[in-house]
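Coordinate analysis (summary)
Chain residues, written in single-letter form:
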Amino acid sequence: MTATVQHRPNAHAPAALTKDHAAAHNKLTARLAEVLDAGESIPCLDSPHAADWIADGRDAQDAHDRAVAGCRPCPALTDCALYALAYPEPAGVWGAMTPTDRQTAHRPGDTP
Ligand code: SF4
């Protein structure tokens, strides 16, 4: 049976994504399903502290620091980081990167 995955930090409705973005997101979601089907853990989905990945407001920095550390052992880290750099999400921790990390790493005009 294939796991159903909604990557937790993603707040976008699929209709709000461009065709390429949606395809890339679907590819990442499929990769996460593979990981879960293999019996491995995805920290942002499985951690009791999963809220750290989507923290907002005053305590967000500490929560994001914990989430970045939590991403490190994720079997999908590379896939998630490449996705997040190609299609920077405005919020949440993706691929061990905070929104600020992604803004710093992604220069306008870069191609996905
Ligand atoms: S790298 Fe981090 S944000 Fe991406 S799927 Fe893994 S735990 Fe979640």
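Preceding this section is the structure that the text describes.
Calculation rules
For every chain, the first residue of its written sequence is number 1, and the numbers climb from 1 along that sequence. With pLDDT at 70 or above as the cut-off, local features in this predicted model cover only qualifying residues; side-chain atom pairs require 80 or more to be listed or tallied, and sums for whole chains, interfaces and linings still use all residues. Side-chain numbers here rest on the full set of heavy atoms in the structure, without hydrogens or water. In the sections that follow, a salt bridge refers to a side-chain nitrogen of Lys or Arg positioned within 4 Å of a carboxyl oxygen of Asp or Glu. Helix numbering and strand numbering both begin at the N terminus, where a helix is a DSSP run of H or I of at least 4 residues and a strand a DSSP run of E of at least 2. Buried means the residue's accessible area, taken with a 1.4 Å probe over protein chains only, is under 20% of the maximum for its type, while exposed means over 50%, and partly exposed covers the values in between. Pairs of residues are marked as contacts when any of their non-hydrogen atoms sit within 4.5 Å.

Let's shift gears to the pattern of salt bridges. One pass over the full model with this rule turns up three salt bridges. A salt bridge links R31 to E34; the nearest nitrogen and oxygen atoms lie 3.5 Å apart. One end of the pair, R31, and the other, E34, are both in helix α1 (residues 19–37), three residues apart, so they sit about a helical turn from each other. The exposure class assigned to E34 is partly exposed, which follows from its relative accessible area of 49%. Note that R31 is salt-bridged to D79, the shortest N-O span being 3.3 Å. Placement of the pair is R31 in helix α1 and D79 in helix α4 (residues 77–86), with a sequence separation of 48 residues. Using a relative accessible area of 24% as the deciding quantity, one classes R31 as partly exposed. For D79, a relative accessible area of 32% puts it in the partly exposed group. A cluster of three or more residues bridged by salt bridges with shared partners is formed by R31, E34 and D79.

Before going further, it helps to spend a moment on the side chain of H64. Counting through the fold element by element, H64 comes out in helix α3 (residues 60–71). Looking at H64, the relative accessible area reads 8%, which means it is buried. Ignoring any residue separated from it by four or fewer positions in sequence, one finds H64 in contact with D52, W53, A55, G92, V93, T98 and P99.

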